[in-house]
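Coordinates in review
These are the residues of each chain, in order.
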Amino acid sequence: MSWYGLAITNYFNFNGRARRKEYWMFYLFAIIISIIAMILDIALGIDFTYSTFYGQESLYYGPIYTIVALFHIIPMYSITVRRLHDSDRTGWWFFGPILAMLSAVLIFAMMAGMSYSMNIRLLMYIGGIIAIVGYIGSIGVLIASFVFMFFDGTKGDNRFGPSHKYDSEGELI
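This write-up is about the structure you can find in this document. Quick caveat: nothing in here was measured; it's all calculated off a predicted structure.

Calculation criteria
- Residues numbered from 1 in each chain as written.
- Predicted model: local features only at pLDDT ≥ 70, side-chain atom pairs only at ≥ 80, totals over all residues.
- Heavy atoms only, no water.
- Helix = DSSP H or I, 4+ residues; strand = E, 2+ residues; numbered from the N terminus.
- Rg over C-alpha atoms; globule rule 2.2 N^0.38 Å.
- Buried < 20%, exposed > 50% of the residue type's maximum accessible area, 1.4 Å probe, protein only.
- Contact = heavy atoms within 4.5 Å.
- Lys, Arg positive; Asp, Glu negative; His and termini not counted.
- Charge placed at Lys NZ, Arg CZ, Asp CG, Glu CD.
- Salt bridge = Lys/Arg side-chain N within 4 Å of Asp/Glu carboxyl O.
- Axes fitted to C-alpha atoms, helices over the stretch in contact; angles between N-to-C directions.
- Parallel < 35°, antiparallel > 145°, perpendicular 65-115°, else oblique.
- Nonpolar A, V, L, I, M, F, W, Y, C, P; charged D, E, K, R; others polar.
- Pairing = 2+ DSSP bridges.
- Patch = residues over 30% accessible without salt bridge, like charges linked within 9 Å, V, L, I, M, F, W, Y side chains within 5 Å.
- Areas by Shrake-Rupley, 256 points an atom, 1.4 Å probe, with all protein chains shown as cover.

On to the overall build of the chain, then. From N to C terminus, the chain includes 5 helices and 2 strands. What you see for the chain is a C-alpha radius of gyration of 21 Å, clearly larger than the 16 Å of a compact globule of 173 residues, by over 25%. Its C-alpha atoms put the chain at 65 × 45 × 20 Å along the principal axes. Going through the 173 residues of the chain one by one, you find that 30% of them count as buried. In the chain, the share of contacts with a sequence separation of at least 24, taken over all contacts with a separation of at least 6, comes to 60%. Charged side chains of the chain number 11 positive and 11 negative; the gap between the two group centres comes to 6 Å.

To continue, consider the pattern of salt bridges. As enumerated under the stated definition, the model contains 5 salt bridges in all. Between Arg 17 and Asp 86 there is a salt bridge, with the nearest N and O atoms lying 2.8 Å from each other. Of the two residues, Arg 17 sits in the loop between helix H1 (2–9) and helix H2 (20–44) while Asp 86 sits in helix H3 (residues 63–86), which places them 69 residues apart along the sequence. Judged by relative accessible area, Asp 86 falls into the buried class, the value being 6%. The closest approach of N and O atoms between Arg 159 and Asp 88, which form a salt bridge, is 3.1 Å. In this pair, Arg 159 is assigned in the segment after helix H5 (121–148) and Asp 88 in the loop between H3 and helix H4 (92–118), connecting sequence segments 71 residues apart. Of the residues examined, Asp 88 reaches a relative accessible area of 30% and is grouped as partly exposed.

To characterise two packed helices, one gives the angle between the axes of the helices and the distance between these axes. Packing of H1 against H3 brings their axes to within 9 Å, and their N-to-C directions diverge by 95°. On the basis of their axis angle, the class for H1 and H3 is roughly perpendicular. Facing Tyr 4, Ala 7 and Ile 8 of H1, the residues of H3 in contact are Phe 71, His 72, Pro 75, Ile 79 and Arg 82. Class assignment of the residues belonging to the contact of H1 with H3 gives a composition of 6 nonpolar, 1 polar and 1 charged.

When a strand is regular, its side chains alternate between the sheet's two faces. The pairing of strand S1 (residues 49–52) with strand S2 (residues 55–58) spans 4 bridges and is antiparallel. Bridge pairing in S2 places Ser 51 opposite Gln 56. Two successive antiparallel strands, S1 and S2, enclose a turn made up of 2 residues.

A cluster of nonpolar side chains, namely Ile 107, Met 114, Met 118, Ile 120, Leu 122, Tyr 125, Ile 126 and Ile 130, defines an oily patch on the protein surface of about 690 Å² accessible area. Counting residues per element, the ones that place at least two in the nonpolar patch are H4 and H5. Top contributing element to the nonpolar patch by residue count: H5, with 4 residues. The residue Leu 122 is located in helix H5 in this model. Of the residues examined, Leu 122 reaches a relative accessible area of 54% and is grouped as exposed.

So, about the environment of Ile 67. Inspection of the secondary structure assignment puts Ile 67 in helix H3. On the basis of relative accessibility, which here comes to 59%, the residue Ile 67 falls in the exposed class. Put simply, Ile 67 and Gly 153 are 86 residues apart on the chain and 32 Å apart in space, counted from C-alpha to C-alpha.

In structure tokens form, the structure reads like this:
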């Protein structure tokens, strides 16, 4: 639980490094707290529902879970960036796929708009192909950045700061 507290105290800290243990323990406790919030929402009967042809369906979460999830968004981003820093990678490995997906949608929308205004359907098809390639590339980068979370950090200091696990010679502290 102390690793979770450490991540929360570094709420807006995107600088420095985070060990694997800090990263995974934060995510473990964040998931456990989220599940407890979901159970509370359902137990109190305040979970969100929506209407279907068959009646009311539950989304299995409500306002308590929503508050917990919103509380955890920024620490999840910051600890992920600091975890990437620990393996001497830039935080853009995390934000890159998000930006690539958004740019793919934007390119497709622009090409579709130009296609409609100029009455040239080929532009829309080209925009669609570019968007698909952008999505596939961003998924590849997303998978790579997730795999980086399993690697040990660089031994000793790196460009993002000192190691919390190794001393400057690379020996365990």
